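# An overview of the molecular structure
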Amino acid sequence: MNKYKVDLHTHTVLSPCGDIEMSPENIVKKAKEKGLDIIGITDHNSTKNCNVLEDVAKDYDLMILKGAEVTSKEEVHCLAFFENEIELLEFQKYLDEHLPKIENDVNKFGYQLVVDRKENIVEQINWLLISALDVSINQIEQKVHDLNGLFIPAHIDRARYSILSQLGFVPTDVNYDALELSKFVVKNEFVKQNQYLADYCFIQSSDAHFINDVGSITTAFQMNDKSFKEVALALKGIDGRKVMCYE
Amino acid sequence: MLICKNMKVSDIIDRLGLKLESGQSGVNREIDGGYVSDLLSDVMGNSREGQVWVTLQTHKNVMAIASLKDLAAVILVKGFKPDEDMAKQSEEEGIPVLSTTDNAFEIAGKLYEILK
């Protein structure tokens, strides 16, 4: 089995808060420079830059996990990832359907750009991507799993937009593939404070909005190869595969 | 000034025209003030026993926290209805969930007037 360096939470120029330097080429090059094997592309409530990232990453032997950082109606941020184009498209449709169409003010929030690999602007999203969907965290989890995706509440230790800040505690009737911690805590210390979560699989990611943050914290995945299926099995800890936060 | 002591959940239902969504068995719970917040972590840390909680959150966790803090009732604003499992837990805990078409500012003002 091999050990891979993974950072599953990265924003691109599509996220209004994502720096303009977060282009596909820049992100991929920085990820390689940091020795990463897999990165997750997780813009706010949109998957539209995932394919261009994958396209660029192919030339660099970097795997892209394609998804989004979804905002539930409780304003909980959750990562969602999909294996195939069909499911990714289906989820994009779901996002379009459930995100309120509030006009983006680029001066306040920043640009929301879909780009090609040469950094040409393909599309500018006019409605604000950082608002909340009109569906609950439970409904989103259901949708993600109906599409055979992975569902991971984001930065659960943070005081804003996390499952803990919004819902007080992690509801146990939702099916999580893992829980994500920000780079501001140490996993063992977090678990000591939240013992009821001890049995969950944890990942830790950078939530990079600026190029130098890519891979600023990583999670080690022990598994057979770089593939969506192996990532899913590693999160479940199947047959010797495992996921390890750095201490 | 008339000071209303021992205000019950049923009293605020009548006086503010609230709708009882669930938790009928708890309408005799006594009210001691109110708290307005949509962050459940904040309510968990800062609400006090006997308060009425005004929120727009309809997740089941609302009831777990209302029960933990021994709150008198929950008022959902802007016409929101409790999620099915929230209503169910409200029944089980005997903590009423009430609803109003008012927004949080309006209902908090009215509540303050009758509870101050």
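Everything below is about the structure shown above.
In every chain, residue numbers begin from 1 and rise along the written sequence. Working convention: letters from A go to chains and numbers from 1 go to ligands, in the order in which they are written. Predicted model: local features are reported for residues with pLDDT of at least 70 only, side-chain atom pairs are reported and counted for 80 or more only, and whole-chain, interface and lining totals are derived from all residues. To get the side-chain values, take all heavy atoms of the structure and skip hydrogens and water.

Let us now look at the environment of L36(A). Residue and element names in this part refer to chain A. Secondary structure elements are defined from DSSP: runs of H or I of at least 4 residues count as helices, runs of E of at least 2 residues count as strands, and each element is numbered from the N terminus. On the secondary structure map, L36 appears in the loop between α1 (24-33) and β2 (38-44). Once the C-alpha coordinates of L36 and L147 are considered, the two residues, 111 residues apart in sequence, prove to be 27 Å apart. Beyond its immediate sequence surroundings of up to four residues, L36 is in contact with K5, V6, D7, A31, L62, V214, G215 and T218. Whether two residues are in contact is decided by their heavy atoms, any of which lying within 4.5 Å being enough.

The probe, sized like a water molecule, is rolled over the atoms to show the empty space still left. Residue and element names in this part refer to chain A. A pocket, in this scheme, is an open set of points on a 1 Å grid over the protein atoms alone with protein on both sides within 12 Å along at least 5 of 7 lines, while a cavity is a set where a 1.4 Å probe fits but cannot get out; residues line either one if an atom lies within 4 Å of a point. Grid points are joined across faces, edges and corners, and a volume is the space filled by probe spheres set on the points. Going through the model one piece at a time under the given rule, you end up with one cavity of 30 Å³ or more. There is about 60 Å³ of room inside the largest cavity. As for the largest cavity, its lining consists of N45, S46, K48, Q92, L95, D96, L99, I125, W127 and L129. Here the nonpolar group is Ala, Val, Leu, Ile, Met, Phe, Trp, Tyr, Cys and Pro; Asp, Glu, Lys and Arg are the charged ones; every other residue, Gly included, is treated as polar. Of the residues assigned to the lining of the largest cavity, the class counts are five nonpolar, three polar and two charged.

Turning our attention to the layout of surface pockets. Space inside the largest pocket adds up to approximately 560 Å³. Along the walls of the largest pocket sit 24 residues, with H155(A), R158(A), Y161(A), D207(A) and H209(A) positioned nearest its centre. Split into classes, the residues belonging to the lining of the largest pocket amount to eight nonpolar, nine polar and seven charged. Along the wall of the second largest pocket there are 13 residues; nearest its centre are K73(A), E74(A), E75(A), L56(B) and F80(B). Looking at the lining of the second largest pocket residue by residue, the classes come out as five nonpolar, three polar and five charged.

Picture the strands of a sheet paired through backbone hydrogen bonds; they go either parallel or antiparallel. Residue and element names in this part refer to chain A. The pairing criterion is simple: DSSP has to find at least two bridges between the two strands. Spatially, seven strands are ordered β7-β4-β3-β2-β1-β10-β11 in an open sheet, and the strand pairing comes out mixed. Whereas interior strands pair on both sides, the edge strands pair on one side only; in this sheet they are β7 (150-153) and β11 (242-245). Averaged over all pairs of adjacent strands, the angle between strand axes in this sheet comes to 25°, irrespective of strand direction. When strand β1 (residues 2-10) meets strand β10 (residues 219-223), the two strands line up antiparallel, connected through five bridges. Within β10, the residue paired with N2 across the bridge is M223. Helix axes use the C-alpha atoms of the stretch in contact, all axes being lines fitted to C-alpha atoms, and the angles between their N-to-C directions lie in the range 0 to 180 degrees. Contacts from helix α5 (residues 137-146) reach β3 (63-71), β4 (77-82) and β7 within the one sheet, and its direction differs from that of β7 by about 150°. Those strands touched by helix α8 (residues 228-236) are β2, β3, β4, β7, β10 and β11, and its axis lies near 105° from that of β10.

This next bit is on the nonpolar core. In plain words, nonpolar cores are sets of buried Ala, Val, Leu, Ile, Met, Phe, Trp, Tyr and Cys residues tied together by side-chain atoms within 4.5 Å. Note on classification: 1.4 Å probe, protein chains only; a residue is buried when its accessible area is under 20% of the maximum for its type, exposed when over 50%, partly exposed between these limits. F91(A), I163(A), F202(A), W53(B) and V74(B) are the most contacted members of the largest nonpolar core, which has 70 residues in total. Beyond its immediate sequence surroundings of up to four residues, F91(A) is in contact with T47(A), V70(A), A80(A), F82(A), K143(A), V144(A) and L147(A). By size, the runner-up hydrophobic cluster in this structure holds 22 residues, among which are Y4(A), L79(A), F221(A) and L235(A).

In this complex, chain B contributes 14 residues to the contact, which on the side of chain A involves 12 residues. Accessible surface is computed with a 1.4 Å probe, and the buried area is the amount of it that two parts give up when combined, taken over both parts together. Taking both sides of the interface into account, the surface hidden between chain B and chain A amounts to around 990 Å²; carbon and sulfur atoms contribute 48%. If you sort the residues of chain B by the area they bury against chain A, Q57(B), H59(B) and N61(B) come out on top, with a joint share of 43%. Salt bridges are counted wherever a side-chain nitrogen of Lys or Arg sits within 4 Å of a carboxyl oxygen of Asp or Glu. Across the pair K73(A) and D83(B) runs a salt bridge whose closest N-O atoms are separated by 3.8 Å. In the analysis that follows, any N or O atom pair within 3.5 Å is treated as a polar contact, provided that within protein one partner can donate a hydrogen and the other can accept it, and provided that, for residues neighboring in sequence, both atoms belong to side chains. Taken together, the links from chain B to chain A amount to seven residue pairs in polar contact (both at pLDDT 80 or more). Of all elements in the fold, only α2 (40-46) and α3 (61-68) of chain B reach the threshold of two or more residues within the side of chain B that touches chain A. Looking at the side of chain B that touches chain A, its residues break down into five nonpolar, five polar and four charged.

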